[in-house]
Each structure stands twice: as C-alpha cells, then as structure tokens.
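One letter stands for each residue in the lines below.
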Amino acid sequence: MKNGLEDVIAAETQLSDVDGEAGRLIIRGVSLDHLVRDSSYEAVAALLLDGLVERSFDEALLREWLASARIRVFNHAAAADAALLALPPVDVMRALIARLPDGDDFDTALSLLAAPAVFLPAVLRLRRGEDPIAPDPSLSHAADILRMLTGEKPTLEQVAALDTYLVTISDHGLNASTFASRVIASTKAGLTSSVLAALSALKGPLHGGAPGPVLDMLDAVGTPENADGWIRDALDRGERLMGFGHRIYRVRDPRADALKGALAPLIASGQVNGARGALAEAVETAVLAALTTRKPDRPLDVNVEFYTALLLEALGFPREAFTGVFAIGRTVGWLAHAREQALEGRLIRPRSVYIGPLPTAA
Ligand code: ACO
C-alpha cells in the first residue's frame, strides 16, 4: 500500500501534467509560462472545457456566457443569512453552491464557474455589513470580481494580477480536490456534487488553506532580520512552514514565479508597499537554507501558496478569503476533470487492507 497514494496513477487525463522533477506545468499542451504571458482566464477556461461539454465556443463566447451566468447566480447570494455569515467565507460559499441545481449539462457547469466568483465578494461585503454589488457583464471575470469586492473600478495592474492568478491555478494534475471531484463524477452524481466535494477538500491547510497562515507567519516574523531565528525556532518546535513543500515538486513550484511576476507591476507602480515583498524574500531565503540543512534527502522548496498570499493581500482580499479565491480559479479544473471522468472513466472504487481484529470463534 502507498501511504497517501504517493506515485499511484489513478487517472488518465488530457487536461494537465505536473512534472515535479523539472518544475513544469502543462495545461492542454501549453506550458504555464506561455499561458500566463498570452492567455486570459476566459481563454484558459475555454481551453480546459473544450470538447468536454455539449457546446463549442471560443474565448469571446465563453466570456459572454460566463458574464450572463454571473448575473444568473447573483440572487442566490441573498440566501446568506446572519447564521451562515458567522461561518468562514469558504464555508458560506459551499452552503450557497449547495443550493444550486445538480446536473451534467453545460448550463450547470457555467453556473458553477460563475458562482464562486460572485458569492465570495458578496459574502465578504455582507460580513462587513455592506450590500452585495451586482455583476457587470461588460467586464472580464477578473475585473468584475475586484469591482464586486470593492465597488470601485480596479486598475489595469490589479486586473492583470488577478487574471494571472486565476490562469496560474486553473488546473494542476490529480491534486486532492481534483481527485475528490473525479471520485464524485465517477458515481455520475452531477457537477454540483463534484464541485462541493472538491471545495471541501481544498479548504484543508495542507492544500488550499495554506496562504492565510503564510501571512500569519510573515506577521510573526515581523522584519527580515528576524527571519533566520524565527524559522529555526519554528522548525525546532516541529512546525510545518506554510507555503513550502509539495507532494510532486522536488524543485521550485513554477506557479510561485508566475505569481511573483504578477505582483511586480503592482509594486513598481506604487500600488503595493514593497516592504512585504522584501520580508517574504528574507523568509523564503531563511526557510530554504534551514530546510536544505535539516532535510537533505527531501528537497523542499516554495510552493504556489507562498506568493498567492502576497498577491491576494495586495489585491485587497482579507486572508480568511484566500481559499475562496483559490476556489474561484480552480473550479474550471474541477469541472473539466469531472466531465472527463464522467465521459471516459469508470466508477472509482479502490480497496483497503483490513488490519482490524478477526471475529472470535463462538
Ligand atoms: N515545513 C517543514 N517540514 C516539511 C514541510 C514544511 N512545509 N513540508 C514537508 N516537510 C517535511 C515533513 O515534516 C516530513 O518530514 P519527516 O519525514 O521528517 O516527517 C517530510 O518533509 C515529508 O513530508 P510529507 O508530509 O511526507 O510530504 P507530503 O508530500 O505528504 O506533503 C505538503 C506535502 C502537505 C504540501 C507538505 O509539504 C506541507 O505540509 N506543506 C505546508 C502546507 C502547504 O504549504 N500546503 C500547500 C501545498 S500547495 C497546494 O496544495 C495548492
């Protein structure tokens, strides 16, 4: 048995490939650096869903339909009452998504693609005692998310940064949440059920719940000069350093550099204080030095969540919302994998080895 299913092949996919030795991510035949340079979120969503749903479309058409879907799901945000809003934002999103009809058709997929993007800004505003802002179908997905969050027109640099984030995290092989989505799809339960299962897997701190704690760590470190000592003490206490390590990557996660690159124009244009970036660089250097010494046999490097934390903070998202923003970007991957599984796969039903007691003879 492979603990944690490490290295077990559990699906064939045409969607994405994670090369952990080379530090390379390919999505439908295109490398991440090319996607980040050339493609919008809507283009990558069209790429991922192509051939897996009953309608064909290009980037422009998907952008139009997705904008309509944002408007369609907006009214569901009103179901977030005071009791629900007391829960963490990702749990409120999950409860709101659970109210959407289940199904395998393209309209269900579109509603699910739109829902996290509409629900998260609405939930954050409602928690602050403000009214949700209705979607604007003339805007791109990234621009509309930022406008629904703040009520203001975002800058070009902010829109580009969020768009790059959504592209960067759109799909990533058979990670825990995507596997959950495929397991549910293999039972033919419907896309809403797949997305709910995936979102539940995502929120754990070992998966998509890490970026909030990354900022907690940066706050605790405080200044670049404290980094070495703080990291040493944390490792002495046996703590895991959030934003570092990965099951597949043995080198730097390529998504970390994509996100660091997306942050740079915000810093250069003075929209974000560069001090946070300098602190992050010092922490990264200190962590890598400490982990190399302590775990020479297990290469551990920075993962996607480290620069996610900096980028989403720079865009004005509160840290308790970071997992929800991750879900906005990853939902298209969950949907594509669910469709691929439903169309081409078989019921996922592995076996366990029983190690409990045997019945005693009567
Ligand atoms: N800090 C300190 N030590 C670490 C870290 C870390 N971030 N990551 C792994 N290690 C150590 C473990 O303690 C373990 O040491 P041991 O063998 O002496 O017990 C060894 O490295 C191997 O760790 P595993 O848990 O077996 O590695 P696994 O592949 O199961 O875990 C994971 C990968 C969960 C991402 C891990 O690296 C971790 O906990 N990182 C911190 C949380 C995080 O950043 N999660 C986001 C991941 S990216 C994503 O999901 C989007």
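Treat the numbers as computed from the prediction; the structure is a model and nothing was measured. (Residues numbered from 1 in each chain as written. Predicted model: local features only at pLDDT ≥ 70, side-chain atom pairs only at ≥ 80, totals over all residues.)

Peer 1: Outline the overall build of the protein, listing residues and values.
Peer 2: Assigned secondary structure in the protein consists of 16 helices and 3 strands. Over its C-alpha atoms the protein spans a radius of gyration of 21 Å, differing by no more than 12% from the 21 Å that the globule rule assigns to 362 residues. In terms of overall dimensions, the protein has C-alpha extents of about 75 × 55 × 45 Å along its principal axes. Taken over 362 residues, the protein has a buried fraction of 47%. At a minimum sequence separation of 6, the contacts of the protein that also span at least 24 residues come to 77%. (Helix = DSSP H or I, 4+ residues; strand = E, 2+ residues; numbered from the N terminus. Rg over C-alpha atoms; globule rule 2.2 N^0.38 Å. Buried ≥ 20, exposed ≤ 12 C-beta atoms within 10 Å, placed from the backbone. Contact = placed C-beta atoms within 7 Å.)

Peer 1: Run through the environment of Asp 228, naming residues and quoting values.
Peer 2: Along the polypeptide, Asp 228 turns up in helix H12 (residues 227-236). Sequence spacing of Asp 228 and Ala 77 is 151 residues, and the spatial spacing of their C-alpha atoms is 45 Å.

Peer 1: Outline the sheet that holds strand S1 (residues 16-19), supporting the account with residue identities and numerical values.
Peer 2: Spatial ordering of the open sheet is given by S1-S2-S3, a layout of 3 strands whose pairing is antiparallel. Of all the strands in the sheet, just S1 and strand S3 (30-31) have a single pairing partner and so form its edges. Relative to strand S2 (residues 24-27), S1 is paired through 4 bridges, and the arrangement is antiparallel. Across the sheet, residue Asp 17 finds its bridge partner in S2, namely Ile 26. (Pairing = 2+ DSSP bridges.)

Peer 1: Mind laying out the domain arrangement of the protein, listing which residues take part and the relevant values?
Peer 2: Once the domains are mapped, the protein shows domain 1 (13-207 + 320-344) and domain 2 (211-314). Once you take the C-alpha centre of each, domain 1 and domain 2 turn out to be 25 Å apart. No other element matches the 6 residues that helix H8 (residues 156-168) contributes to the side of domain 1 that touches domain 2. Within the side of domain 1 that touches domain 2, the residues separate by chemical class into 11 nonpolar, 6 polar and 4 charged. (Domains from an automatic or database assignment. Nonpolar A, V, L, I, M, F, W, Y, C, P; charged D, E, K, R; others polar.)

Peer 1: Any details on the nonpolar core? Residues and values, ideally.
Peer 2: The biggest cluster of nonpolar side chains holds 114 residues, and the ones touching the most others in it are Leu 113, Leu 311 and Leu 335. Sorting elements by how many residues they give to this core places helix H6 (residues 106-127) first, with 14 residues. A domain-level breakdown of this core finds at least three residues from each of domain 1 (13-207 + 320-344) and domain 2 (211-314). Contact partners of Leu 335, with chain neighbours within four places excluded, come to Leu 49, Ala 109, Leu 112, Leu 113, Leu 191 and Val 195. (Core = buried A, V, L, I, M, F, W, Y, C linked by C-beta atoms within 7 Å.)

Peer 1: Please give an account of the packing of helix H11 (residues 211-221) against helix H15 (residues 304-314) that cites residues and values.
Peer 2: For the pair H11 and H15, interaxial distance at closest approach is 8 Å and the crossing angle is 80°. By the criterion of interaxial angle, the relationship of H11 to H15 is roughly perpendicular. Together, Pro 211, Val 214 and Leu 215 of H11 and Glu 305, Phe 306, Thr 308, Ala 309, Leu 312 and Glu 313 of H15 make up the contact between the two elements. (Axes fitted to C-alpha atoms, helices over the stretch in contact; angles between N-to-C directions. Parallel < 35°, antiparallel > 145°, perpendicular 65-115°, else oblique.)

Peer 1: Before we move on, could you go through the packing of H6 against helix H10 (residues 191-202) and cite the residues and values that matter?
Peer 2: Between H6 and H10, the shortest axis-to-axis distance is 9 Å and the interhelical angle comes to 30°. Judged on the interaxial angle alone, H10 and H6 are roughly parallel. In terms of crossing hand, the pair formed by H6 and H10 is right-handed. Of the residues in H10, those in contact with Thr 108, Ala 109 and Leu 112 of H6 are Leu 191, Thr 192 and Val 195. Tallied by class, the residues present in the contact of H6 with H10 amount to 4 nonpolar, 2 polar and no charged. (Left-handed = near helix turned anticlockwise from the far one by under 90°.)

Peer 1: Pulling in residues and values, what's your account of the site of the ligand?
Peer 2: Looking at the ligand, there are 20 residues lining it, with Leu 206, Ala 210, Phe 244, Gly 245 and Arg 247 nearest. By residue class, the composition of the shell around the ligand is 7 nonpolar, 8 polar and 5 charged. Split by domain, the shell around the ligand shows at least three residues from each of two domains, domain 1 (13-207 + 320-344) and domain 2 (211-314). (Near = placed C-beta within 6 Å.)

Peer 1: Any details on the confidence of the model for the protein? Residues and values, ideally.
Peer 2: If pLDDT is low for a region, its predicted coordinates should not be looked at in detail. For the protein, the average pLDDT comes to 96, and 100% of its residues sit at 70 or higher. Across the predicted assembly, pTM comes out at 0.95 and ipTM at 0.95. (pLDDT = per-residue confidence, 0-100.)

Peer 1: Provide a residue-level description of the pairing of S1, including the pertinent values.
Peer 2: Burial along S1 is one-sided: the face carrying Ser 16 and Val 18 is buried and the face carrying Asp 17 and Asp 19 is not. Connecting S1 to the next strand, S2, in antiparallel fashion are 4 residues, including Gly 23 with a positive phi near 70°.

Peer 1: Provide a residue-level description of H11, including the pertinent values.
Peer 2: Residues separated by three or four positions in an α-helix point in the same direction, a consequence of the helix having 3.6 residues per turn. Of the residues making up H11, those classed as buried are Pro 211, Gly 212, Val 214, Leu 215, Met 217, Leu 218 and Val 221. In the core, the buried residues of H11 are packed alongside H12, helix H14 (274-294), H15 and helix H16 (322-344). Phi turns positive one or two residues past the end of H11, at Gly 222, with a value near 85°.

Peer 1: Outline helix H13 (residues 254-268), listing residues and values.
Peer 2: In a regular helix each residue adds 1.5 Å, so 15 residues correspond to 21 Å; H13 covers 22 Å between its end C-alpha atoms and thus fits that length. For H13, the complete set of buried residues consists of Pro 254, Arg 255, Ala 256, Ala 258, Leu 259, Ala 262, Leu 263 and Leu 266. Buried residues in H13 make contact with S2, helix H1 (32-38), H8, H14 and H15. (Expected span 1.5 Å × (residues − 1).)

Peer 1: How would you summarise the environment of Asp 131 if you had to cite specific residues and measurements?
Peer 2: On the secondary structure map, Asp 131 appears in the loop between H6 and helix H7 (141-150). Since 9 C-beta atoms lie within 10 Å of it, Asp 131 is described here as exposed.

Peer 1: Lay out the pairing of S2 with the relevant residues and their values.
Peer 2: Here S2 shows a buried face lined by Leu 25 and Ile 27 and an unburied face lined by Arg 24 and Ile 26. Counting the residues between successive antiparallel strands, the hairpin from S2 to S3 contains 2 residues, one of them, Arg 28, with a positive phi of roughly 45°.

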